[in-house]
Amino acid sequence: MKHLRTVDDVMTHAVISVNRRAPFKDIVETMRRWRISALPVLSDEGRVVGVVSEADLLLKAQGSDESRAVSAGQLMTVPAVTVAPDASIAGAARLMARGHLKRLPVVDDDGRPVGLVSRGDLLKIYLRPDEDIAEELRELIMARLIPAGSATVHVHVSGGIAHLHGSIPDPSLDDVLIRIARTVPGVVDVTARLDAEAPA
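Definitions and cut-offs
Residues numbered from 1 in each chain as written. Predicted model: local features only at pLDDT ≥ 70, side-chain atom pairs only at ≥ 80, totals over all residues. Heavy atoms only, no water. Pairing = 2+ DSSP bridges. Helix = DSSP H or I, 4+ residues; strand = E, 2+ residues; numbered from the N terminus. Contact = heavy atoms within 4.5 Å. Axes fitted to C-alpha atoms, helices over the stretch in contact; angles between N-to-C directions. Expected span 1.5 Å × (residues − 1). Buried < 20%, exposed > 50% of the residue type's maximum accessible area, 1.4 Å probe, protein only. Parallel < 35°, antiparallel > 145°, perpendicular 65-115°, else oblique. Left-handed = near helix turned anticlockwise from the far one by under 90°. Nonpolar A, V, L, I, M, F, W, Y, C, P; charged D, E, K, R; others polar.

**Regarding the sheet that holds strand β1 (residues 18-19)**
Within a sheet, adjacent strands bond to each other through the backbone by hydrogen bonds, running parallel or antiparallel. Within the open sheet, the three strands sit side by side as β1-β2-β3. Their pairing is mixed. Both outer strands of the open sheet, β1 and β3 (48-53), are each paired with one neighbouring strand and no more. Note: strand β2 (residues 38-42) against β3, five bridges, orientation antiparallel. Residue pairing in the sheet places A38 in a bridge with S53 of β3. In the packing of helix α2 (residues 24-34) onto the sheet, contacts are made with β1, β2 and β3, and the angle to β2 comes to roughly 130 degrees.

**A look at helix α7 (residues 130-145)**
The terminal C-alpha atoms of α7 lie 21 Å apart, and with 16 residues this matches the ideal 22 Å at 1.5 Å per residue to within 8%. All of the buried residues along α7 are D132, I133, A134, E136, L137, L140 and I141. Residues of α7 that are buried sit in contact with β6 (152-158), β7 (161-168) and α8 (173-182).

**A look at the packing of α7 against α8**
The contact between α7 and α8 brings their axes to 10 Å, and the two run at 135 degrees. When the axis of α7 is compared with that of α8, the two are oblique. Crossing handedness for the pair α7 and α8: right-handed. Residues L137, L140, I141 and L145 of α7 lie in contact with α8, whose contacting residues are L177, I180 and A181. Taken together, the residues that form the contact of α7 with α8 break down as seven nonpolar, no polar and no charged.

Here it is, written out as structure tokens:
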């Protein structure tokens, strides 16, 4: 499995959207057909200009029948909260948490939709096999962080928990290695037994 680091690695590439002139009934029908609770609203140029959700529709549906003769452009929430394909998974998760959102439109540099990322998509990183996580950790620790031959760090991952043990040349590396391990997608916790090597 490839390393899962950015939104592009986990997003759904199919985008179901509506034009800003789409009427109330068409929006409801599109949501029903695709079993989704929110839709990006596009301008005539194809850029994401807002999002219309079931909550937006329900608020309007409480009025008279005439009040439902409105378009997506009148119902949508603006500005739309969007994310770029190269945004980090952690960054997208923070955006969702901050806005209490279930999904985000993914847009290119021109604001045109290229995908959709949901909470479920972001959780895919926790489905990585333990051995994939361990391999990435070993590469990161031994090839990039510690000079060749200067330390012996063994990595074992079980249930997403990374276990580090061995010897390191500098005791201050202990905290650094733990912090770095926590950044690897799929790691849910880190334990470490790293002893400082005695000077020669």
